[in-house]
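Each chain is listed here by its residues.
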Amino acid sequence: MARRRRWSFLMPPEEHGFIRSLQDRYYGLLTPVGRVVLWSALAAGFLLLGGLVMPLILFFSFAVSALTVAIVVGLPFRPRVSLTRLLPPPVSAGDTLTYRVRVENTGRRTVRHIAVEERDLPPELRRVGEPPVIDALAPGEHSEVTLRLVCSTRGVYELGALQAASLFPSALVKWPRRSPGRERLLVYPRFTPLESLDVPHGRNYQPGGIAVASRVGESTEFFGTREWHEGDRTRDIHWPSFARTGRLVVKEFQEEFFVRLALVLDVQSRSVKEDALLEKALSLAAGMADVLARQEYIIDLFAAGPQVFHFQAGRALAHFEHILEILAAIESGERLDLDALEAALLPEASHLSAVIFVVMDWEPSRAALVERLKAHGVAVRVLSVRPDRKPEGLAPGELVELS
């Protein structure tokens, strides 16, 4: 589903459902030449309101007749084709998605001048240029065309109708054939690259990192060897050392630790202005997650709004792409349920080394949660995306200033 949008009378015209529907039909059923003829007919009809002028009557009649004849004669040439999207990996907000569409003629006759395009697109996805045209396609033959969409906003979208329409023989109107298949399109948040991130370290560590993350072998690291003692396990004997010295030698292990971090995203947003700040926060979170995912960290992602969602990543638990998928699908909320966030976060505090907060607002209840985490030995960093509400009461170094 597409991300929730706030209605406003001042929003761009294409975001209003009725205007978007008219625009979709206008571009989906008329060729560029057909659009010129339509507007010429409308202009001539408007001028005729001032009085009947023979040249205008003739021009208006010609334009309307041309469109009418084009509609009638084009019906038999409606193509019978199958359409298949070949989608690449997701792109980030603001990027252009370029993908291929496979077109196969499933009919019994050659189809000509086939235009392929998307229909019923959400306002966050915009077509680039005029649709590509295949000159001719024999029965059973297939071809591929390239489509481009500008993805302005992160989210999870559904690509609806994919249309193939014949421009033959008039090149004024399109007789379409739509593909019934719908596909999911993921657009990641705009990425804010960070070369490095100063990660705080508290008093808590996550023991047995390998066992937690990958469940392969022991959750210990080979440390060295020592002489055999009564009660040692035979499977720990270091046979190469025994062959070299003739004495029983066993392997020593030390428990391995990985730092476990929590990234808490405040998704409270109550206005269009705060929606823009939330997108900035998610972009920053994507950059931080990228830095952390490339290091030996286990990451707990908490998305906190009216509900709290918890997702764990790091090592073999999940890939960075999974984090981006979560960030793409996050919905804003009118309020932040701090009780639910505290209930989800505090039981994990004894295993967390640090918590990084990305907050939309700052108030005493948020400050109290930070203090409770610090009392559990957790280091904190707070990043506020609101320049007008700077967090107060934090120790030096706990507030991260955004440039």
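Above: the structure in question.
Owing to the predicted nature of the structure, the values given are computational and were not obtained by experimental measurement.

Visitor: With reference to specific residues and values, describe the overall build of the protein chain.
Guide: Helix and strand counts for the protein chain come out as 9 helices and 20 strands. Taking all contacts inside the protein chain whose residues are at least 6 apart in sequence as the whole, residues at least 24 apart take part in 72%. Total accessible area on the protein chain stands at roughly 21300 Å², and carbon and sulfur atoms take up 58% of it.

Visitor: Hey, could you go over the sheet that holds strand β4 (residues 111-118) for me, with residue numbers and the actual values?
Guide: The strand order across the open sheet built from 4 strands is β6-β4-β9-β10, with neighbouring strands paired in antiparallel fashion. The open sheet is flanked by β6 (133-137) and β10 (175-179), the only strands paired with a single partner. For this sheet, the mean angle separating the axes of adjacent strands, direction not counted, is 30°. Judged from the 4 bridges that link them, β4 and β6 form a sheet pairing that is antiparallel. Following the sheet pairing, Ala-115 is matched in β6 by Val-133.

Visitor: I'd like a description of the packing of helix α2 (residues 32-48) against helix α3 (residues 54-74), backed by residues and values.
Guide: Helix-helix packing: each pair is described by the crossing angle between the helix axes and the interaxial distance. The geometry of α2 relative to α3 is characterised by a closest axis approach of 9 Å and an angle of 145° between their N-to-C directions. You can see that α2 and α3 cross each other, and the crossing is left-handed. Along the contact surface, α2 presents Gly-34, Val-37, Leu-38, Ser-40, Ala-41, Ala-44, Gly-45, Leu-47 and Leu-48, while α3 presents Leu-56, Ile-57, Phe-59, Phe-60, Ala-63, Val-64 and Leu-67. Classifying every residue of the contact of α2 with α3 gives 13 nonpolar, 3 polar and no charged.

Visitor: Residues and numbers for the sheet that holds strand β1 (residues 81-86), please.
Guide: Judged by pairing direction, the sheet is antiparallel, and its 4 strands sit side by side in the order β1-β3-β7-β5 without closing on themselves. Sheet topology places β1 and β5 (125-127) at the edges, where each strand pairs with a single neighbour. The sheet shows a mean angle of 35° between the axes of neighbouring strands, direction not considered. Judged from the 6 bridges that link them, β1 and strand β3 (residues 96-105) form a sheet pairing that is antiparallel.

Calculation criteria
- Residues numbered from 1 in each chain as written.
- Predicted model: local features only at pLDDT ≥ 70, side-chain atom pairs only at ≥ 80, totals over all residues.
- Heavy atoms only, no water.
- Helix = DSSP H or I, 4+ residues; strand = E, 2+ residues; numbered from the N terminus.
- Contact = heavy atoms within 4.5 Å.
- Areas by Shrake-Rupley, 256 points an atom, 1.4 Å probe, with all protein chains shown as cover.
- Pairing = 2+ DSSP bridges.
- Axes fitted to C-alpha atoms, helices over the stretch in contact; angles between N-to-C directions.
- Left-handed = near helix turned anticlockwise from the far one by under 90°.
- Nonpolar A, V, L, I, M, F, W, Y, C, P; charged D, E, K, R; others polar.

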